[in-house]
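Close look at the chain arrangement
Below are the chains, spelled out letter by letter.
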Amino acid sequence: MESLKLFISLFLLSFSSFFLGAESDHLQHSNLKRLRPNRLFVFGDSYADTGNIRKSLSDSWKIPYGITFPQKPSGRFSDGRVATDFLARYLGIKSPIPYTWKNYAGKERLLYGMNYAYGGTGVFKTKDNPLPNMTTQIDYFQRVLTAGNIYSPSDLPSSIALVSVAGNDYASFLALKRPLTELPAFMKQVVDQIAVNAMRIHKLGVNKILIPSMQPLGCLPSVTIFTSFQRCNATDNASTKLHNYLLHKAVARLNNETKPSTFVVLDHYNAFLTVFKNKGPEPGVMRFGNPLKPCCVGVNSNFDCSNVDEKGEKKYTICEDPKAAFFWDIFHPTEEGWRSVYSVLHKTLKDVWI
């Protein structure tokens, strides 16, 4: 880990002049008035998954996940609603139905779009994860469109897509113990594939694609646990900035190839930090006592949130009030955390409607 930090620190020196500009961009947008989209298509990972991942593969279907909403596990990686739900709320529509549940939803429910995101996945295949990566998720989307019994080509121009990439590709890179010298090139591969995916969604007919910047990885409880949840890791956040810099450049290229503001960077990175630093009454943004401390954790390093022993006894603890915590577990925000993030983004989201 120390060698990784040293390598990234040295590598980032050559990029420091670029970060200042990219970091200040909360959303790329035009000043034209637009009509609000009426359906949402979602691709990505656990920050966006609302129930696609199979029950046998994920803790998100186990108690205490879902205790806030819908008061039982629903496949969401949180105590309640996640990014997809809040984006849908700001669009003024119902949260899109998960792809794996499409045959159980009524026609009217499907009109709001569909969620193809699977927790634990990335733009590439991730280690020990058999679930569909983003390319396959878009394949599913294309099959639904080709079938023509749910959506027609005329539905897509008034739709919007969310493309969530929260870091599983990088976690897989480290888990596979690949040489650290390959990391910068791999970052470019990840971002280039995000761009390929986003353009493919656009060519299928969606006129607006939101791509969140990566959240500050150095502030995740899985990292801050080594400082008793007291401070973020600056080196890990610097590596996150590199990903986000490359993403901004890629999105600028995509918009040059199409039309301005087709592709939009939704600034999760700065929205997370804004919430963390909030010390006063900002409308819609919760003031968290210690935003880096998770609500649900294992009783020791051998257990995670939702784990039980062979006798069925809980091997995790939950904070007294999940609404007072930004993070639910060591990777994912609580419902209140996501609500605060999208409250920060709400003002700028108004400017990206089609």
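Residues numbered from 1 in each chain as written. Predicted model: local features only at pLDDT ≥ 70, side-chain atom pairs only at ≥ 80, totals over all residues. Heavy atoms only, no water.

1. Concerning the confidence of the model for the protein
Looking at the protein as a whole, its pLDDT mean stands at 89, while 88% of the residues score no less than 70. Within the model, the stretch residues 1-33 combines pLDDT values under 50 with 57 contacts to residues more than four positions away or in other chains. (pLDDT = per-residue confidence, 0-100. Contact = heavy atoms within 4.5 Å.)

2. A few points about the sheet that holds strand 1 (residues 39-43)
Pairing within the open sheet is parallel, and its six strands lie in the order 2-3-1-4-5-6. Edge strands, defined here as strands with exactly one partner in the open sheet, are strand 2 (97-98) and strand 6 (263-266). Those strands touched by helix 3 (residues 83-91) are strand 1, strand 3 (113-115), strand 4 (159-163) and strand 5 (208-212), and its axis lies near 160° from that of strand 1. (Pairing = 2+ DSSP bridges. Helix = DSSP H or I, 4+ residues; strand = E, 2+ residues; numbered from the N terminus. Axes fitted to C-alpha atoms, helices over the stretch in contact; angles between N-to-C directions.)

3. Points about the pairing of strand 4
Extensive coverage of strand 4 is indicated by the burial of five of its five residues. A two-sided burial pattern is seen for strand 4, the buried positions comprising Ser159, Ala161 and Val163 on one face and Ile160 and Leu162 on the other. Two strands pair when backbone bridges link them, and strand 1 and strand 4 are joined in this way by five bridges, in the parallel orientation. Within strand 4, the position partnered with Val42 by the bridge is Leu162. Pairing between strand 4 and strand 5: three bridges, direction parallel. Pairing of Leu162 across the sheet is with Leu210, part of strand 5. (Buried < 20%, exposed > 50% of the residue type's maximum accessible area, 1.4 Å probe, protein only.)

4. Digging into empty space enclosed by the protein
With the rule as written, the count across this model stands at three cavities of 30 Å³ or more. The calculated volume of the second largest cavity comes to roughly 40 Å³. Contributing to the lining of the second largest cavity are Tyr47, Ser164, Val165, Ala166, Pro212, Ser213, Gln215 and His268. Partitioning the lining of the second largest cavity into residue classes produces four nonpolar, four polar and no charged. (1 Å grid on protein atoms, 1.4 Å probe; cavity = no way out; pocket = protein on both sides within 12 Å on 5 of 7 lines; lining within 4 Å. Points joined across faces, edges and corners; volume = space filled by probe spheres on them. Nonpolar A, V, L, I, M, F, W, Y, C, P; charged D, E, K, R; others polar.)

5. A short note on the pattern of salt bridges
This model, assessed by the stated rule, comprises 10 salt bridges. A salt bridge links Arg76 to Asp85; the shortest N-O distance between them is 2.9 Å. With respect to burial, Arg76 and Asp85 carry one shared label: buried. Here Asp192 ties to Lys188 by a salt bridge, and the two come within 2.7 Å at their closest N and O atoms. Of this pair, Asp192 and Lys188 both sit in helix 7 (residues 183-203), four residues apart, which is roughly one turn of the helix. It is possible to trace a salt-bridge network through shared partners that takes in Arg81, Glu335, Glu336 and Arg339. (Salt bridge = Lys/Arg side-chain N within 4 Å of Asp/Glu carboxyl O.)

6. Observations regarding the state of the cysteines
Counted by the stated rule, this structure contains three disulfides. A sulfur-sulfur separation of 2.1 Å characterises the disulfide bridge that pairs Cys219 with Cys232. The S-S bond linking Cys219 to Cys232 shows a torsion near 110°; that makes this disulfide right-handed. Here Cys232 lies in the loop between helix 8 (221-224) and helix 9 (234-257) and Cys219 lies in the loop between strand 5 and helix 8, a separation of 13 residues in the sequence. For Cys296, the disulfide goes to Cys305, at an S-S distance of 2.0 Å. Handedness of the Cys296-Cys305 disulfide follows from its S-S torsion of about 95°: it is right-handed. Per residue, the accessibility class of Cys296 equals that of Cys305, and both read buried. In the protein, the bonded cysteines, taken in the order they occur along the sequence, pair up as 1-2, 3-6, 4-5. (Disulfide = S-S within 2.5 Å.)

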